[in-house]
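# Residue-level structural notes
Listed below are the residues making up each chain.
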Amino acid sequence: MKYRKLGNTGLQVSEVGFGTIPILQGNVPVLPNYYNLEETQAIAVMEHAYHLGCNLYDTAIVPEYGDAEIKLGKFAAKIGREQLIISDKARFFSGNEIYQAVEESCKNLGTYADIYFVHQVDPENMEEVFQKDGALDALTELKACGKIRFAGIASHYYDVLLRGASDSRVDVLQASGNLFERGMLERIMKEPLFSEKGILVNKVFAAGLLPAFFSAKSLIEAVLSYQKVSCALIGIGQPWQADAAMGWETKKYSCPPFSYILSVLEKEFDPIPCNRCQKCYCPYGTEIHTIFRQYHYYFMGKDYWALRKLNLGIQQSAEQCRKCTIMPCLSACPAHIRIPDEIQKLEKLVKDHPIWWD
Ligand code: SF4
Ligand code: SF4
């Protein structure tokens, strides 16, 4: 295992971090498979990763990640708190709520969190998070009184992360990306503002789907080839998964060309050549990169989940495209994707599977 500097925090984090979703128990609406591990089993898996060199463990408040936060606290007590870097988060956007969430997390962990993220910040809740007395101000206060060491923003949206990168209250950002959905990582690499921040990356396996097409090692190497990334977070629920993610060394990281990734996926289905750069914008509210992701996830194995999500708005989006005359999305897309045509195809895909909604 190698270690990288986490922005300006002074921390050195393992290049591969332990995502705790797969060790949780409880009924939570998260994507990856999990194994319903008892506490002793969960602690054994975390310890296995620790002996492979992992020092960063990422969790979320109960019940967001079930009881994973409590299990991580017990593991930290067992192995020695100072040996680990605990990254925690909660989906609260006001100052009051995140303040209480951190108090609750500290109780669950039995210790402080090294990094605490406002989780799932999106364009709709961003203002509340960044405004005076919002979640970021509260995290700054909590830092000052030693309840957490560093404050972070976790988001799937480039514009939110960019705002975090320009804000001195933010120490660490948690972004998402992988060798297919690499557009955001490419933009982060080109933007100097991100150089000051620690960057963790989740969705490296695309919710567990990409390992059917690429090895764990190549998926992790691809994300770590982006120099500003400090740590690739991998959900781990079994010792063999820790071995696959952490039990190897490499001298040089590389990310295969996007055309190669498409050629591999094309053997199974017809991928849209969208790398989720998020440069396209629809004034009528269609989140283009998200619905393309759901299309890909449908073919890569999350069929029920993806169709359910698509069904929530694809018909309205397709209707809007049929009426749209300006089509600003087209000129914004560097990949020259025929976005409205693809949206019509997605609408047909959902229409052809009515049984799912009965
Ligand atoms: S063509 Fe469709 S997706 Fe593109 S801007 Fe118009 S309504 Fe939005
Ligand atoms: S459709 Fe084009 S602009 Fe939009 S996220 Fe995908 S690649 Fe980027």
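For the structure, see preceding data.
To keep things clear, this report deals only with the structure shown in the data block.

The rules behind each value
- Per-chain numbering applies: the sequence of each chain, read as written, is numbered from 1 onward.
- Chain labels run from A onward and ligand labels from 1 onward, assigned in the order the entries are written.
- This being a predicted model, a pLDDT of at least 70 is required before a residue's local features are given, and a value of 80 or more before pairs of side-chain atoms are given or counted; all residues contribute to the totals for chains, interfaces and linings.
- Note that water and hydrogens are dropped before the side-chain values are worked out from all heavy atoms of the structure.
- Salt bridges are defined by distance alone: a side-chain nitrogen of Lys or Arg within 4 Å of a carboxyl oxygen of Asp or Glu.
- By the criteria applied, helices consist of DSSP H or I runs no shorter than four residues and strands consist of E runs no shorter than two, each listed in order from the N terminus.
- Exposed residues in this analysis have more than 50% of their type's maximum accessible area, buried residues have under 20%, and partly exposed residues fall in between, with area computed by a 1.4 Å probe over protein chains only.
- Note on aromatic pairs: the rings of Phe, Tyr and Trp (six-membered ring only in Trp) are paired at centre separations within 6.5 Å, and the planes decide the class, stacked below 30 degrees, edge-to-face beyond 60, tilted for the rest.
- Here, axes are lines fitted to C-alpha atoms. For helices the fit covers the stretch in contact, and angles between N-to-C directions go from 0 to 180 degrees.
- Orientation labels follow simple angle bins: below 35 degrees gives roughly parallel, above 145 gives roughly antiparallel, 65 to 115 gives roughly perpendicular, and whatever is left gives oblique.
- Take the far helix as your reference; a near helix turned counterclockwise from it by less than a right angle gives a left-handed crossing, and one turned clockwise gives a right-handed crossing.
- By definition in these notes, contact holds between two residues if any of their heavy atoms fall within 4.5 Å.
- Throughout this entry, Asp, Glu, Lys and Arg are counted as charged residues, while Ala, Val, Leu, Ile, Met, Phe, Trp, Tyr, Cys and Pro are counted as nonpolar. The remaining residues, Gly among them, count as polar.

### A word on the pattern of salt bridges
Applying the stated criterion across every chain yields a total of 20 salt bridges. Put simply, R81 and D114 hold a salt bridge, and the shortest N to O gap is 2.7 Å. In this pair, R81 sits in the loop between α2 (68-79) and β5 (85-90) while D114 sits in strand β6 (residues 113-118), placing the two residues 33 residues apart along the sequence. Of the two residues, R81 and D114, both sit in the buried class. Residue K351 is joined to E347 by a salt bridge in which the shortest nitrogen-to-oxygen separation is 3.7 Å. One end of the pair, K351, and the other, E347, are both in helix α15 (residues 339-351), four residues apart, so they sit about a helical turn from each other. Linked through salt bridges whose partners overlap, the residues forming this network are R81, D114 and R149.

### Details of the packing of aromatic side chains
One pass over the structure, following the stated rule, counts nine aromatic pairs. Look at Y158 and F194: their rings are 5.9 Å apart centre to centre, the planes differ by 40°, and that puts the pair in the tilted class. Of this pair, Y158 sits in helix α6 (residues 158-165) while F194 sits in the loop between α7 (183-190) and β9 (198-202), placing them 36 residues apart in sequence. Summarising the burial analysis for this pair, Y158 and F194 share the class buried.

### Overview of the packing of helix α1 (residues 39-51) against helix α9 (residues 239-246)
Interaxial distance between α1 and α9 falls to 9 Å at its minimum, and their mutual angle equals 25°. Relative to α9, α1 is oriented roughly parallel. As α1 runs across α9, the sense of the crossing is right-handed. On α9, the residues touching V45, H48 and A49 of α1 are P239, A242, D243 and M246. Of the residues that constitute the contact of α1 with α9, the class distribution is five nonpolar, one polar and one charged.

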